[in-house]
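One-letter residues, chain by chain:
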Amino acid sequence: MKLDPVSLRLFVAVMEECTIAAAAAREHIAASAVSRRLADLEDALHVALFTRSNKGTEPTAAAYALLNLARGVLNDLDGIASQMRDYGAGVRGHVRVVANISAITQFLPAQLQSFMALHPQVDVRLQEQISTAIAQSVAENAADVGILNEGQYGDRVVQLPYRTDELVLVVPTGHALARRKSARLADALPYDFVGAHPGSAINNQLTRAASEAGLPLRLRMQVTSYDALCLMVAAGLGVGVMPRGSAALYKGSQPIRVVTLNEPWAHRQLVLCVRSEESLSSVARLLVDHLRAGAAPEDNRV
């Protein structure tokens, strides 16, 4: 059996974009050509990958099984092409990393800079996602390494200790809580909140903690970045919760105050996430070892 990588790539695009038309636009190819490639792939595999009707196409169970395999094959092929193409320039590998915004804003800039200085032959490709999506990306071989909040993500991924961080309350300078050094979440719940994007670990924690306190979470708006959150808080549109290290980046440039959250859940463990340590490529292993080596002793607990 001979499988065409182009057909596999188009198949993955259809699965990710959900429609043939969107996949065709993404890959800059006619939709009819994508349909023909899918049909050829089904013939080669002797299995139906999609059920077709006047409402469109729906993936079969076989399609979902093929998706993980196809991503792995395409990643290996991309790795070969990248290493051979850039061999003369010294680039001999790449690592796909997905991380949450807490890791990206607090730890990764310095760590990736030092890693790439040590290993200029390695190309690191970084994308931001929320923790649940990170675990899924790693499990489905859409990424090699993830950095996310410690949690229950199923048995398809392995979590490795990485860092701890601390959540704090961010308020406008003129706020009633601005002069306090610490506060409980219950002290802030009477006020409007500026939240992170839906599904984020911080939003989920705030919702859970507010429910346990028997008080409503007055979520006035949600934003997708910490700089936007700080700008909204500075404008007096609410208070927010974010990691202390991230808040420090904006404290000097925005009229905000950082208040310690006197809650046990304010101290969090960030972890690295991989499919398995044995499945890591040599360059991915280099990066994982580098990220873990910089952890403080108290950050190396399981």
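Keep in mind the model is a prediction, meaning the values are calculated, not measured.

Peer 1: How would you sum up the overall build of the chain? Please name residues and give values.
Peer 2: The number of helices and strands found in the chain is 12 helices and 12 strands. For the chain, the spread of C-alpha atoms along the principal axes amounts to about 70 × 50 × 35 Å. Counting the 302 residues in the chain, one finds 46% classified as buried. Residue pairs at least 24 apart in sequence account for 71% of intrachain contacts in the chain once pairs closer than 6 positions are excluded. When the accessible surface of the chain is summed, it comes to about 15000 Å², and 54% of that surface belongs to carbon and sulfur atoms. Positive and negative charge centroids in the chain, built from 29 and 29 side chains respectively, lie 6 Å apart.

Peer 1: Give me the lowdown on unusual backbone geometry, citing residues and values where you can.
Peer 2: Phi angles above zero are rare outside glycine, and H28 is one such case at about 55 degrees. Within the secondary structure, H28 is located in the loop between helix 2 (20-27) and helix 3 (31-45). Under the relative-accessibility criterion, H28 is labelled exposed at 74%. The residue H46 is not glycine, and still its phi comes out positive at about 60 degrees. Its location among the elements puts H46 in the loop between helix 3 and strand 1 (50-53). Relative accessible area serves as the criterion here: at 71%, H46 is assigned to the exposed category.

Peer 1: Please provide a residue-by-residue account of the nonpolar core, values included.
Peer 2: Membership of the largest hydrophobic core comes to 33 residues, with the highest contact counts inside it found for L169, F193, V241 and M242. Elements with a contribution of two residues or more to this core: strand 6 (158-172), helix 8 (185-188), strand 8 (193-195), helix 9 (201-213), helix 10 (226-234), strand 10 (240-243), helix 11 (244-251) and strand 11 (256-261). Top contributing element to this core by residue count: strand 6, with five residues. With near-sequence residues (within four places) excluded, V241 lies in contact with L167, V168, L169, F193, I202, L206, L229 and L261. Counting residues in each nonpolar core, the second largest holds 23 residues, with V95, A103, L112 and V122 among its members.

Peer 1: Let's hear about helix 7 (residues 131-139): which residues, and what values?
Peer 2: For helix 7, every residue scored as buried is listed here: S131, I134, A135, S137, V138 and A139. Of the surrounding secondary structure, the elements contacted by the buried residues of helix 7 are strand 3 (93-99), strand 5 (145-149) and strand 12 (267-274). Looking one or two residues past helix 7, N141 carries a phi angle of roughly 65 degrees, positive in sign.

Peer 1: Go over the packing of aromatic side chains, please, and point to the residues and values.
Peer 2: The description of an aromatic ring pair rests on the distance of the ring centres and on the angle between the ring planes. Under the counting rule described, the total for this entry stands at two aromatic pairs. Between the aromatic rings of F11 and F50, the centroid separation amounts to 6.1 Å while the plane-to-plane angle is 65 degrees, which identifies the pairing as edge-to-face. Of this pair, F11 sits in helix 1 (residues 5-17) while F50 sits in strand 1; the two residues are 39 residues apart in sequence, bridging distant segments of the chain. Note on accessibility: F11 and F50 belong to one class, buried. Pairing F107 with Y162 gives two aromatic rings, centres 6.0 Å apart and planes at 90 degrees, and the pair type is edge-to-face. Placement of the pair is F107 in the loop between helix 5 (101-106) and helix 6 (108-118) and Y162 in strand 6, with a sequence separation of 55 residues. Of the two residues, F107 and Y162, neither departs from the other in class, the shared state being buried.

Peer 1: Can you explain empty space enclosed by the protein? Please cite residues and give values.
Peer 2: If a probe the size of a water molecule is rolled over the atoms, the empty space left behind becomes visible. Applying the stated rule across the entire model yields one cavity of 30 Å³ or more. What the largest cavity holds in volume is close to 160 Å³. Along the lines of polarity and charge, the residues of the lining of the largest cavity split into seven nonpolar, nine polar and two charged.

Peer 1: Go over helix 1, please, and point to the residues and values.
Peer 2: Compared with the 18 Å implied by 1.5 Å per residue over 13 residues, the 18 Å span of helix 1 between its first and last C-alpha is a close match. One side-chain oxygen at the N-terminal end of helix 1 lies 3.0 Å from the backbone nitrogen of V6; it belongs to D4. Positive backbone phi, at 80 degrees, marks C18, one or two positions downstream of helix 1.

Peer 1: Tell me about the pairing of strand 9 (residues 219-222), residues and numbers included.
Peer 2: Pairing geometry for strand 8 and strand 9, over three bridges, is parallel. Residue pairing for strand 9: F193 is matched across the bridge by L219.

Peer 1: Would you mind going over the environment of A30 in detail, with residue names and values included?
Peer 2: Following the sequence through the fold, A30 ends up in the loop between helix 2 and helix 3. Spatially, the C-alpha atoms of A30 and I20 are 9.4 Å apart, while their sequence positions differ by 10 residues.

Peer 1: Any details on the packing of helix 1 against helix 3? Residues and values, ideally.
Peer 2: Helix 3 packs onto helix 1 with a crossing angle of 110 degrees between their chain directions and a minimal axis gap of 9 Å. One element, helix 1, and the other, helix 3, form an angle in the roughly perpendicular class. For the pair helix 1 and helix 3, the crossing hand works out as left-handed. Here V6, S7, L8, L10, F11 and V14 of helix 1 lie close against helix 3, whose contacting residues are V34, R37, L38 and L41. Taken together, the residues that form the contact of helix 1 with helix 3 break down as eight nonpolar, one polar and one charged.

Parameters at a glance
Residues numbered from 1 in each chain as written. Predicted model: local features only at pLDDT ≥ 70, side-chain atom pairs only at ≥ 80, totals over all residues. Heavy atoms only, no water. Helix = DSSP H or I, 4+ residues; strand = E, 2+ residues; numbered from the N terminus. Buried < 20%, exposed > 50% of the residue type's maximum accessible area, 1.4 Å probe, protein only. Contact = heavy atoms within 4.5 Å. Areas by Shrake-Rupley, 256 points an atom, 1.4 Å probe, with all protein chains shown as cover. Lys, Arg positive; Asp, Glu negative; His and termini not counted. Charge placed at Lys NZ, Arg CZ, Asp CG, Glu CD. Core = buried A, V, L, I, M, F, W, Y, C linked by side-chain atoms within 4.5 Å. Phe/Tyr/Trp six-rings, centres within 6.5 Å; stacked < 30°, edge-to-face > 60°. 1 Å grid on protein atoms, 1.4 Å probe; cavity = no way out; pocket = protein on both sides within 12 Å on 5 of 7 lines; lining within 4 Å. Points joined across faces, edges and corners; volume = space filled by probe spheres on them. Nonpolar A, V, L, I, M, F, W, Y, C, P; charged D, E, K, R; others polar. Expected span 1.5 Å × (residues − 1). Polar contact = N/O pair within 3.5 Å; in protein donor to acceptor, adjacent residues only side chain to side chain. Pairing = 2+ DSSP bridges. Axes fitted to C-alpha atoms, helices over the stretch in contact; angles between N-to-C directions. Parallel < 35°, antiparallel > 145°, perpendicular 65-115°, else oblique. Left-handed = near helix turned anticlockwise from the far one by under 90°.

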